[in-house]
Amino acid sequence: MLVSLLKKTGLKLSLNDPRWGNRKDDGKKAQEGKKPGEGPPDLDQLWRDFNQRLNAFFGQKNRPDNGGNGGNNNGGGPRPDMKGAGITAGVVGVIAVVIWLASGAFIVQEGQSGVVLTFGQYARTAPAGLNWRWPYPFQTDETVNVSQVRTVEVGYRTSLRNKQTGESLMLTDDENIIDIQFAVQYTLNDPVKWLFSVRDQEDTLRQVAETSIREVVGRSKMDFVLYEGREKVAFDTQKLMQQILDDYKAGVLITNVTMQAVQPPEQVQAAFDDAVKAGQDRERQKNEGQAYANDVIPKARGAAFRLMEEAEAYSAMVTENAAGNASRFKQVLVEYQKAPGVTRDRMYLETMQHVFASASKVMVDAKSGSNLLYLPLDKLIAQTAASEATRSPGTPATTTVLPQEAMPTVEVNTRRSSRERESR
């Protein structure tokens, strides 16, 4: 390329020109049998000639050599051509212009947006791909990543241990202090507003997040924020942040607010833990009492219902028995009025049958006519008790039979009692 440039500038050298190489080398080549001028050209000499032509173009004079000769530095060669120097300068200028214009090309990656500025003022938005603008100082470009999910931390930096107390401590509606650390995730929906509407974007976003959550927490109770209301607080904070940023025209879209830590201050953490444990114990005891009540009350209600049913059944039984007995008495009365003696004997026999059915009986045979009767009552009672223990329910009572000698006495007595009843 340098050779073609030298040709355009009019610097024509033949292969036999002694300026291609060192004359001493040509002498050595002549001694070796080679012709002068053979071999590669002297690049240093070519470069000196090129510089001379540029110096001539810009009006610079050749300086005399160290020997005091007024000749040129090229060893008395021809004076540089001004026409060739002008062509060289033009080519250099064209190359410089091309490079300057090429510096205006820029590439916007996918998911990014390019903003072109003319003397610092917004001109247009460049899409993804290869774009071009006027080079500096006329236009500049800013590339903004609109697809990246960015995060700003409030109350801490990088780690939860690195707390920022001035940001995390907040006052609730019931005048309690609470320590909140949370993170805000956001994306950019308008790169122009992001660049020109807000000066310090991240710091502004952090201040908006802190202001929003302080307002939400200031309207809530401490227990609500600590336990069941975390999601509600995060949602309200996100909504309020988006509203404020839209008023600022910040070009930001809040995607999520994540609560990292919600707790009382460290100074009262131990006392608060004791209070929480006491509350948990209270809830546990309430649950145990409720479980006991759920177990006892149904049983008591069932027992009460059973007693009521049994009482009603007993009442119905007694009432029906009484009604039956009354009806039976009326029927017996009618029959008694018809035949008093027969009815009386029948009633007596039925009564005695009912009495003797459940009692131990002793029958004495008194045919011998002796007035002396020996009854071993202790043995009879023991025998009766043993038989009562061995017999099954519903079996008639045991009847003990004594010698027949005692029977007449019993019969006489029985007949005598019957006659007395009849006389009455």
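How each quantity is defined
- Residues numbered from 1 in each chain as written.
- Predicted model: local features only at pLDDT ≥ 70, side-chain atom pairs only at ≥ 80, totals over all residues.
- Heavy atoms only, no water.
- Helix = DSSP H or I, 4+ residues; strand = E, 2+ residues; numbered from the N terminus.
- Buried < 20%, exposed > 50% of the residue type's maximum accessible area, 1.4 Å probe, protein only.
- Contact = heavy atoms within 4.5 Å.
- Pairing = 2+ DSSP bridges.
- Core = buried A, V, L, I, M, F, W, Y, C linked by side-chain atoms within 4.5 Å.
- Phe/Tyr/Trp six-rings, centres within 6.5 Å; stacked < 30°, edge-to-face > 60°.
- Salt bridge = Lys/Arg side-chain N within 4 Å of Asp/Glu carboxyl O.
- Patch = residues over 30% accessible without salt bridge, like charges linked within 9 Å, V, L, I, M, F, W, Y side chains within 5 Å.
- Areas by Shrake-Rupley, 256 points an atom, 1.4 Å probe, with all protein chains shown as cover.

Q: Would you take a moment to explain the side chain of Glu-210 for this structure?
A: Within the fold, Glu-210 resides in helix H7 (residues 201-218). Residue class for Glu-210 comes out buried when judged on its relative accessible area of 18%. Apart from residues lying up to four places away in sequence, Glu-210 is in contact with Val-154, Gly-166 and Glu-167.

Q: Where do I start with the pairing of strand E3 (residues 121-126) in this structure?
A: If a strand is regular, its side chains alternate between the two faces of the sheet. In the sheet, strand E2 (residues 112-118) pairs with E3 via five bridges, with the strands oriented antiparallel. Looking across to E3, one finds that Val-115 is bridged to Thr-125.

Q: Could you clarify how one ought to interpret the nonpolar core in this entry?
A: Generally speaking, soluble globular proteins have nonpolar side chains that are buried together. The biggest cluster of nonpolar side chains holds 34 residues, and the ones touching the most others in it are Ile-180, Phe-182, Val-252 and Ile-254. Contributing elements (two or more residues each) for this core: strand E6 (150-154), strand E10 (177-188), H7, helix H8 (222-226), helix H9 (230-248) and strand E11 (252-263). The residues contacting Val-252, other than those within four sequence positions of it, are Tyr-186, Thr-187, Leu-188, Asn-189, Trp-194, Leu-205, Gln-242, Leu-245 and Asp-246.

Q: Teacher, can you tell me more about the environment of Tyr-227 here?
A: Mapping Tyr-227 onto the fold places it in the loop between H8 and H9. For Tyr-227 and Val-262, which are 35 residues apart along the polypeptide, the C-alpha to C-alpha distance reads 8.9 Å. Excluding anything up to four places from it in sequence, Tyr-227 contacts Phe-272 and Val-276.

Q: Just to check I follow, could you spell out the environment of Thr-204 for this structure?
A: Residue placement: Thr-204 occurs in helix H7. Considering only alpha carbons, one finds Thr-204 and Leu-245, 41 residues apart in sequence, at a separation of 9.3 Å.

Q: Hey, could you run me through the packing of aromatic side chains in this one?
A: Under the counting rule described, the total for this entry stands at four aromatic pairs. Here the aromatic rings of Phe-119 and Phe-138 are separated by 6.0 Å at their centres, their planes lie at 75°, and the arrangement is edge-to-face. In this pair, Phe-119 sits in the loop between E2 and E3 while Phe-138 sits in the loop between strand E4 (129-132) and strand E5 (139-145), placing the two residues 19 residues apart along the sequence. For Phe-119, a relative accessible area of 62% gives the class exposed. Judged by centre distance (5.1 Å) and plane angle (65°), the ring pair of Trp-132 and Trp-134 falls under edge-to-face. You can call Trp-132 partly exposed: its relative accessible area is 39%. Ring-pair connections join several aromatic residues into one group, and the members of that group are Trp-100, Phe-119 and Phe-138.

Q: Would you mind showing me how to read the pattern of salt bridges here?
A: In a structure, side chains of opposite charge can pair up when their charged atoms sit close to one another. Using the criterion set out here, one finds 16 salt bridges in the structure. Between Glu-288 and Arg-284 there is a salt bridge, with its nearest N and O atoms 3.2 Å apart. With Glu-288 and Arg-284 both in helix H10 (residues 269-338) and four residues apart, this pair spans about one turn of that helix. For Glu-288, a relative accessible area of 46% corresponds to the partly exposed category. Here Arg-328 and Glu-350 are joined by a salt bridge, their closest N and O atoms 3.5 Å apart. With a gap of 22 residues between them, Arg-328 in helix H10 and Glu-350 in helix H11 (residues 340-356) connect regions that are remote in the sequence. Overlapping salt bridges, with partners in common, bring together Lys-163, Asp-179 and Glu-266 in one network.

Q: Looking at this model, I keep getting lost on a nonpolar patch on the surface. Mind explaining?
A: A contiguous nonpolar surface patch, about 710 Å² in accessible area, is contributed by Val-97, Trp-100, Leu-101, Phe-119, Trp-132, Trp-134 and Phe-138. Among the elements that take part in the nonpolar patch, helix H4 (residues 82-102) stands out by supplying three residues, more than any other. Take Trp-100: it is sitting in helix H4.

Q: Please clarify how unusual backbone geometry should be interpreted in this entry.
A: Leave glycine aside and you will find that most residues have negative phi; peptide bonds, for their part, are mostly trans. Residue Pro-137 follows Tyr-136 across a cis peptide bond; omega there is 15°. Looking at the secondary structure, you find Pro-137 in the loop between E4 and E5. At Glu-175, a residue that is not glycine, the phi angle is positive and equals roughly 65°. Position of Glu-175 among the secondary structure elements: in the loop between strand E9 (169-171) and E10. Looking at Glu-175, the relative accessible area reads 68%, which means it is exposed. Phi is positive for Lys-249, which is not a glycine, with a value near 55°. Turning to its location among the elements, Lys-249 is positioned in the loop between H9 and E11.

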